[in-house]
Amino acid sequence: MVTVTGSSAVEGSGVARRIASRAVANREAMYASEVGRLIDAGRAVMATTGTSGKPRVADIVSAAGLSNDAFYRHFRSKDELVAAILEDGTDRLHDYIAHQMGKEATPRDRVVRWVHGVLSQAEAESARTTRAVLWNAGGAGAGITSSPPAVGARLAELLHQPFAELGSAEPFLEAQLAAHSTLGILTDHLWRQVQPTSEDAERIVAALLRMVTGAAPKA
């Protein structure tokens, strides 16, 4: 066995780097867990308080089973947490709708799935939470257009391909128009606390298809 003395040799060794990397990885995993718990707790507490009052950081920290130090290690304010909750919700909705669209073979049916997926946020099971989070963000309009990446932009991505397949001359622009207009309808239902009907969804689909194809959709 060869023993090398001197700190520089040890600091640059493969063992040192491997142990340091493991420590960093463990810390990252712990921090990711903390952030996830704070996001879940924030969403749950906001769903409980609804639009009658805004929860305190202390309420969220307590629900997460963490400390104030843990909260402020990741977020400078509750507003930052709300933005993270919006972004996380956007990612989840994007992935859910993408999964549903993937079940369909035709671009028309993928558009139908997209519309139903967006409007599902106004259904009773998720409407209270969605409404509460948007209210905490400063209102539905602010919530839908603020968090990075914006909800509309993320959901519009899912329509680029089906719109192009349907013959859209400007699939990117028309996808943006579709996303923002449908989110506007969703917002209206959320704040009126009315669930969209199947007829509502059919009318939106028909309007989107008319925009894309320039003609009335075939039954």
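Owing to the predicted nature of the structure, the values given are computational and were not obtained by experimental measurement. (Residues numbered from 1 in each chain as written. Predicted model: local features only at pLDDT ≥ 70, side-chain atom pairs only at ≥ 80, totals over all residues. Heavy atoms only, no water.)

Asker: Let's hear about the overall build of the chain: which residues, and what values?
Answerer: Across its full length, the chain holds 12 helices and zero strands. Order of helices (α) and strands (β) in the chain, N terminus to C terminus: α-α-α-α-α-α-α-α-α-α-α-α. The buried share of the chain, reckoned over its 219 residues, is 38%. Contacts in the chain between residues at least 24 apart in sequence constitute 69% of all its contacts with a sequence separation of at least 6. Just so you have it, the chain exposes about 12,000 Å², and 54% of that area is on carbon and sulfur atoms. (Helix = DSSP H or I, 4+ residues; strand = E, 2+ residues; numbered from the N terminus. Buried < 20%, exposed > 50% of the residue type's maximum accessible area, 1.4 Å probe, protein only. Contact = heavy atoms within 4.5 Å. Areas by Shrake-Rupley, 256 points an atom, 1.4 Å probe, with all protein chains shown as cover.)

Asker: With reference to specific residues and values, describe the packing of helix α6 (residues 107–119) against helix α12 (residues 198–213).
Answerer: Contact pair α6 / α12: the axes reach a minimum separation of 10 Å and the direction vectors enclose 130°. One element, α6, and the other, α12, form an angle in the oblique class. In this structure, α6 crosses over α12, and the sense of that crossing is right-handed. For the pair α6 and α12, the contacting residues are Arg108, Val111, Val112, Trp114, Val115, His116 and Leu119 in the first and Ala201, Ile204, Val205, Leu208 and Leu209 in the second. Tallied by class, the residues present in the contact of α6 with α12 amount to 10 nonpolar, one polar and one charged. (Axes fitted to C-alpha atoms, helices over the stretch in contact; angles between N-to-C directions. Parallel < 35°, antiparallel > 145°, perpendicular 65-115°, else oblique. Left-handed = near helix turned anticlockwise from the far one by under 90°. Nonpolar A, V, L, I, M, F, W, Y, C, P; charged D, E, K, R; others polar.)

Asker: Explain the UniProt feature "DNA-binding region" (unreviewed entry) in the chain to me, and be specific about the residues and the numbers.
Answerer: The feature "DNA-binding region" (unreviewed entry), as given by UniProt, occupies residues 56–75 in the numbering adopted here. The span residues 56–75 shows a helical share of 75% and a strand share of 0%, and its end C-alpha atoms are spaced 14 Å apart. (UniProt positions renumbered as here; feature names shortened; annotations may be inferred.)

Asker: Account for the pattern of salt bridges, naming residues and giving values.
Answerer: A full pass over the atoms with the stated rule returns 13 salt bridges. The salt bridge involving Arg73 is made with Glu34; its shortest N-O contact spans 2.9 Å. A residue pair is termed long-range when its members are at least 10 positions apart, and Arg73 in helix α4 (residues 68–74) and Glu34 in helix α2 (residues 14–49) qualify at 39 residues. The partner of Arg113 in a salt bridge is Glu104, with the nearest N and O atoms 2.6 Å apart. Residues participating in the shared-partner salt-bridge network are Asp40, Arg43, Asp88 and Arg92. (Salt bridge = Lys/Arg side-chain N within 4 Å of Asp/Glu carboxyl O.)

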